[in-house]
Amino acid sequence: NTEIEAGKPGTYYIKLKGLPWKATKDEIAEFLVDCEFVGNVIIIKNEAGKPSGDAVVNLLNKLDLERALKCNRKCLLERSVVVEETDKDSYNRHIIKLDKMDTEENT
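Residues numbered from 1 in each chain as written. Predicted model: local features only at pLDDT ≥ 70, side-chain atom pairs only at ≥ 80, totals over all residues. Heavy atoms only, no water.

Undergrad: Before we go on, may I ask you to explain the overall build of the protein in this structure?
TA: Helix and strand content of the protein: four helices and six strands. The secondary structure elements of the protein, listed N-terminal to C-terminal, are α-β-α-β-β-α-β-β-β-α. Burial status across the protein gives 35% buried among its 107 residues. Of the contacts formed within the protein by residues at least 6 apart in sequence, a portion of 66% connects residues at least 24 apart. A total accessible area of about 6900 Å² is found for the protein, and carbon and sulfur atoms account for 48% of it. (Helix = DSSP H or I, 4+ residues; strand = E, 2+ residues; numbered from the N terminus. Buried < 20%, exposed > 50% of the residue type's maximum accessible area, 1.4 Å probe, protein only. Contact = heavy atoms within 4.5 Å. Areas by Shrake-Rupley, 256 points an atom, 1.4 Å probe, with all protein chains shown as cover.)

Written out as structure tokens, the structure reads:
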């Protein structure tokens, strides 16, 4: 399945680690210079609902992935951020977790 999906728009994913807790989705998007996303930047939260310092992003194509990976170890708000490729399963786990947390907050 992964081989079939490779090359299709929206099948490239990255994870960012070491983000400042106060970094916003917009600041993270600006940090990933010239990258087009599918959907939004997903800031991963801990059990207490606070930002964990990690985020995942679904990128439009391979060129966006290459651009994003060039941002590895660049600084955002004076913190060095790790940018690495991840997979759809990892990305979806965070989406499901985010949806679950939103649902719990609204009940």
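Undergrad: Help me out: how do you make sense of helix α3 (residues 62-69) in this one?
TA: Helical geometry: 3.6 residues make up each α-helical turn, so side chains three or four residues apart lie on a common side. Listing the buried residues of α3 in full gives D64, L65 and A68. Buried residues in α3, looked at end-on, bunch into an arc of 105°, giving them a common side. Where α3 is buried, its residues touch β1 (12-17), β3 (51-59) and β6 (82-86). Between a side-chain oxygen at the N-terminus of α3 and the backbone nitrogen of L63 the separation is 3.1 Å; the capping residue is N61. (Arc of directions from axis to C-beta. Polar contact = N/O pair within 3.5 Å; in protein donor to acceptor, adjacent residues only side chain to side chain.)

Undergrad: What should I look at first to understand the pattern of salt bridges in this one?
TA: As a working rule, side chains carrying opposite charge can pair if their charged atoms are close by. As enumerated under the stated definition, the model contains three salt bridges in all. One salt bridge in this structure joins K15 and D54, with 4.0 Å as the shortest N-O distance. Here the residue K15 occupies a position in strand β1, and D54 occupies one in strand β3, the gap between them amounting to 39 residues. Considered together, K15 and D54 belong to a single accessibility category, that of buried residues. The partner of E84 in a salt bridge is K17, and the shortest N-O contact between them spans 2.9 Å. In this pair, E84 is assigned in strand β6 and K17 in strand β1, connecting sequence segments 67 residues apart. Taking relative accessible area as the criterion, E84 reaches 31% and is therefore assigned partly exposed. (Salt bridge = Lys/Arg side-chain N within 4 Å of Asp/Glu carboxyl O.)

Undergrad: Any chance you could explain unusual backbone geometry here in plain terms?
TA: Note on backbone geometry: most residues besides glycine have negative phi, and most peptide bonds are trans. For R73, which is not a glycine, the phi torsion comes out positive at approximately 70°. A relative accessible area of 55% means that R73 is categorised as exposed. The residue E78 is not glycine, and still its phi comes out positive at about 70°.

Undergrad: Would you explain the pairing of β3 in this entry?
TA: Moving residue by residue along a regular strand, the side chains alternate between the two faces of the sheet. Here β3 lies mainly inside the structure; seven of its nine residues are buried. Taken together, the four bridges between strand β2 (residues 42-45) and β3 define a ladder with antiparallel strand orientation. Considered in β3, the bridge of I43 is made with A55. Here β2 folds back onto β3, and the loop between the two strands holds five residues, one of which, G49, carries a positive phi near 85°. (Pairing = 2+ DSSP bridges.)

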